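# What the coordinates show
Next come the chains, spelled out residue by residue.
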Amino acid sequence: MNKIITLALLLFPIPLFSQTVVSKKINDPEEWVNPLMGTQSKPELSNGNTYPTIAVPWGMNFWTPQTGKMGNGWVYQYDADKIRGFKQTHQPSPWMNDYGQFVIMPVTGKTKFTEDDRASWFSHKSETVKPFYYSVYLADANVTTEITPTERAAQFRFTYPKTDSAFVVIDALNKGSYIKVIPSAQKIIGYTSKYARGPLPKNFKNYFVIYFNKPFSIAKTWKGNKLVADSLEIQADHTGAIIGFKTVANEKVVAKVASSFISFEQAELNLKRELANDSFELTKQKAKMEWRKQLGKIEVEGGTVEQSYTFYSSLYRTLLFPHKMYEIDKKDSIVHWSPYNGQVLPGHMFAGTGFWDTFRALYPFLNLMYPEINREMQAGLVNDFKEGGWLPEWSSPGYANIMIGNNSASVVADAYIKGLRGYDIETLWQALKHGANNEGPMDAVGRKGVAYYNDLGYVPYDVKINENAARTLEYAYDDFAIYQLGRALGKPASEIDIYAKRAMNYKHLFDPSSGLMRGKNKDGKFQSPFSAFKWGDAFTEGNSWHYTWSVFQDVAGLVKLMGGKDKFVKKLDSVFILPPVFDDSYYGGVIHEIREMQIANMGQYAHGNQPIQHMIYLYNYGGMPWKTQYWVRETMNRMYKATPDGYCGDEDNGQTSAWYVFSALGFYPVTPAVDQYVLGAPLFKKATLTIEGGRKVIINAPENSNANRYVETLKINSKIYDKNWLSHPELKKGMVIDFKMTDQPNLKRGVSASSLPYSFSTAGK
């Protein structure tokens, strides 16, 4: 059945089959991923701001076709006509740009090597894109390029026409690079030192080695836009190489490439260890099976073709970042180059994620489904702190001065509270306290405005610290996360009670006159004039309607401030009822997040950015879970599709995808650092989660349909369950969850006080 549907989708437009129900279990989830989801994006409007990532899960290196010019963060845009090369990339976002990148590109005819001259027309009709494999026909060169990856290496296969002028261009890019061609070994080595965010240690380099299976008939280097006549080795701002062959019709030339942040020798070792004597097809099969292993930990059944593609395409995006920065040395020891001090040191290291985005759902998802990789990530955070003195709130690959908050606290606390062990948690505890009580070397590390926050209980509006209300709300939640971790570690009250007190600092910014959060001046008066629709200013990439709900730790306290459950629910309703008006005066123009809210036709609900993504689940705290069930399904239906325009804003390193995956399963982590998930309603008729240790969580909803989106009753292990949340420890034991779905809301289920999810002020200490 699945293969028939897949074949049909190749032959006919997707809408024809999009509502066909997949009646059988999906056994090849890697074939249900569209890496082009979200690639039809531009700076003015993000439909994901993704690129087709050809990689293995959490690989050190990714590969992607490059349509944009060198240095353009929009490396691949679906609407582009030409490919300029195939780039090894570590780019987490177009806004962050890349680091350690270089490019490979086949050409024919003349020795064309600049990015404009070598560019070739292509068509999506002759493009195959899988997580583990990429192929495209380059029309101007009359060459088909194929790529398949490993963690630190890859194989290329170029199919050439009959010609005595078949070439491969290697572009080590600008900002300092080196290249050497060794014809006797059919080999090219080089390094790139290009990066966008920093500063990084001066010895930052990505060393690469490339072996070809065919002798070179020509070998040259180039610098800038000129060929170098007399040297096969060159170091300059911008270097590259071009090698050539004589080929017969349809001859396949294979290149094996690997890289290292440590040395040429380590790059060679990475290549030998990961590629060895493997054929292109064997490497492809290994990558395919690795994706099947990881994606197959969640099996969904009974959804439409469109829903199934969207689910696995979203799941794929949750398994990429942060990417590995560590390598395995000749002694089989784990080592890494440090982006903080430039040394090669033992232990794990990861990079390429922003905790402002990913603390919300991506890391809780890893803790539930992939704890083994997050154990490595936590060990990597230990090394971040030891080597740099701070935890990175945005690693790219070192400290990046962007976004706000101290949300490493949530990432560390949630992992430990969800049961992860086997790393130096005491060092991370010290790291959290250090970050919470000090300003860092840049605004986005530590806590900007911490002296005001600790003294007044908030960061004032009028002390020239931008996004002050957002900082206050996030710091308060982060303090809660620190308190939770301290309790779990058995720390004394004298050490942790201050964080419990600060967790309530959100109350300082609640404005009774508007019923919303509002910036407050140093003298204790609210800032004025106040517009709840003003983006930025006191808030971060949002307005008061978005940030008012950022009381993850104590929703019951927010309910009380708003005057009780009825008023709270009406306020939630208002988000969808209000028109999508906005004040962009702080930015001096419409930023893409504003535009994405404006065109979504969901009022002030801005799902395309992170601050409000959890808000739909808050109806559970108001005793009206059916409204969550309705709006979760609406958002999944309207805001996600496995198409190039398939997201409603930046995907952001797995966060927006993790929202979909969690929501499709029927629950969501509103409060990381608490061992609960707040209930929604599942999307599929059946889902099976294989969690650590091989235990199963089976989620049944046989009556599920687009109309039957409401939960009539819920049973766990055959017993009626009336709460609006699920327990993480119980999930980890394995369970059977039976949803009885209907087309009418059950106005009696989940309404009692005993049904409501965790809130700090009502849970007791």
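Treat the numbers as computed from the prediction; the structure is a model and nothing was measured. Every residue gets a number counted from 1 within its own chain, in the order that chain's sequence is written. Since the coordinates come from a predicted model, pLDDT governs what is reported: local features require at least 70, and pairs of side-chain atoms require 80 or more to be given and counted, while whole-chain, interface and lining totals use all residues. Hydrogens and waters are ignored; side-chain quantities use all the structure's heavy atoms.

## Topic: the overall build of the protein
- Starting at the N terminus, helices and strands are each numbered in turn, a helix being any DSSP run of H or I of at least four residues and a strand any DSSP run of E of at least two. Each helix and strand counted, the protein has 21 helices and 36 strands in total.
- Atoms counted for the radius of gyration: C-alpha only. Globule rule: 2.2 Å times the number of residues to the power 0.38. At 26 Å, the protein has a C-alpha radius of gyration in line with the 27 Å of a compact globule built from 765 residues.
- Judged by the C-alpha coordinates and their principal axes, the protein covers about 80 × 60 × 50 Å.
- Within the protein, buried positions represent 66% of all 765 residues.
- Whether two residues touch is decided by their heavy atoms; if any such pair falls within 4.5 Å, the residues are in contact. Long-range pairs, those at least 24 residues apart, make up 70% of the contacts in the protein between residues at least 6 apart in sequence.
- Method for areas: the Shrake-Rupley scheme with a 1.4 Å probe, in which residue coverage is limited to the protein chains shown. Element-wise, carbon and sulfur atoms account for 52% of the exposed surface of the protein, whose accessible area totals about 25900 Å².
- All tallies of charge rest on Lys and Arg as positive and Asp and Glu as negative; His and the ends of each chain are not included. Here the site of a charge means NZ on Lys, CZ on Arg, CG on Asp, or CD on Glu. Positive and negative side-chain charges in the protein, numbering 86 and 75 respectively, have mean positions lying 2 Å apart. Note on exposure labels: buried denotes an accessible area under 20% of the residue type's maximum, exposed denotes more than 50%, and partly exposed covers the range between, all computed with a 1.4 Å probe on protein chains only.

## Some remarks on the pairing of strand β3 (residues 85-89)
- The buried count for β3 comes to five of five residues, which makes it a mostly enclosed element.
- Residues of β3 alternate between two faces, with G85, K87 and T89 on one and F86 and Q88 on the opposite face, all of them buried.
- The pairing criterion is simple: DSSP has to find at least two bridges between the two strands. Pairing analysis gives five bridges linking strand β1 (residues 62-66) to β3, with the strands arranged antiparallel. Paired with Q66 across the strands is G85, a residue of β3.
- Pairing analysis gives three bridges linking β3 to strand β4 (residues 102-108), with the strands arranged antiparallel. Among the inter-strand pairings, K87 is bridged to a residue of β4, identified as V103.

## Some points on the packing of helix α9 (residues 408-417) against helix α12 (residues 468-488)
- Every angle, taken between N-to-C directions, lies between 0 and 180 degrees, and every axis is a line fitted to C-alpha atoms, over only the stretch in contact when it is a helix. The contact between α9 and α12 brings their axes to 9 Å, and the two run at 30 degrees. In the packing of α9 onto α12, the handedness of the crossing is left-handed. Along its contact with α9, which presents A409, S410, V412, A413, Y416 and I417, the element α12 presents Y477, D478, A481, I482, Q484, L485 and A488.
- Side-chain classes are defined by residue name, with Ala, Val, Leu, Ile, Met, Phe, Trp, Tyr, Cys and Pro counting as nonpolar, Asp, Glu, Lys and Arg as charged, and the others, Gly among them, as polar. Considered class by class, the residues forming the contact of α9 with α12 number ten nonpolar, two polar and one charged. Note on convention: the crossing is left-handed when the near helix lies turned anticlockwise from the far helix by less than a right angle, right-handed when the turn is clockwise.

## Thoughts on the UniProt feature "domain: Glycosyl hydrolase family 92 N-terminal" (unreviewed entry) in the protein
- When the UniProt feature table is mapped onto this chain numbering, "domain: Glycosyl hydrolase family 92 N-terminal" (unreviewed entry) sits at residues 32-260.
- Here residues 32-260 is 0% helix and 46% strand, with 31 Å between the C-alpha atoms at its ends. UniProt positions are given in the numbering used here, feature names are shortened, and annotations may be inferred rather than shown by experiment.

## Comments concerning the nonpolar core
- By nonpolar core is meant a set of buried Ala, Val, Leu, Ile, Met, Phe, Trp, Tyr and Cys residues that side-chain atoms within 4.5 Å join together. Among the nonpolar cores identified, the biggest contains 211 residues, and F311, F667 and L689 are the most heavily contacted of them.
- Source of the domain bounds: an automatic or database domain assignment. Both domain 1 (31-296) and domain 2 (351-369 + 376-503) contribute no fewer than three residues apiece to this core.
- In contact with L689, other than residues within four places in its own chain, are K297, I298, L368, M369, L665, F667, R695, K696, V697 and I699.
- Counting residues in each nonpolar core, the second largest holds 16 residues, with M60, F204, I262 and V335 among its members.

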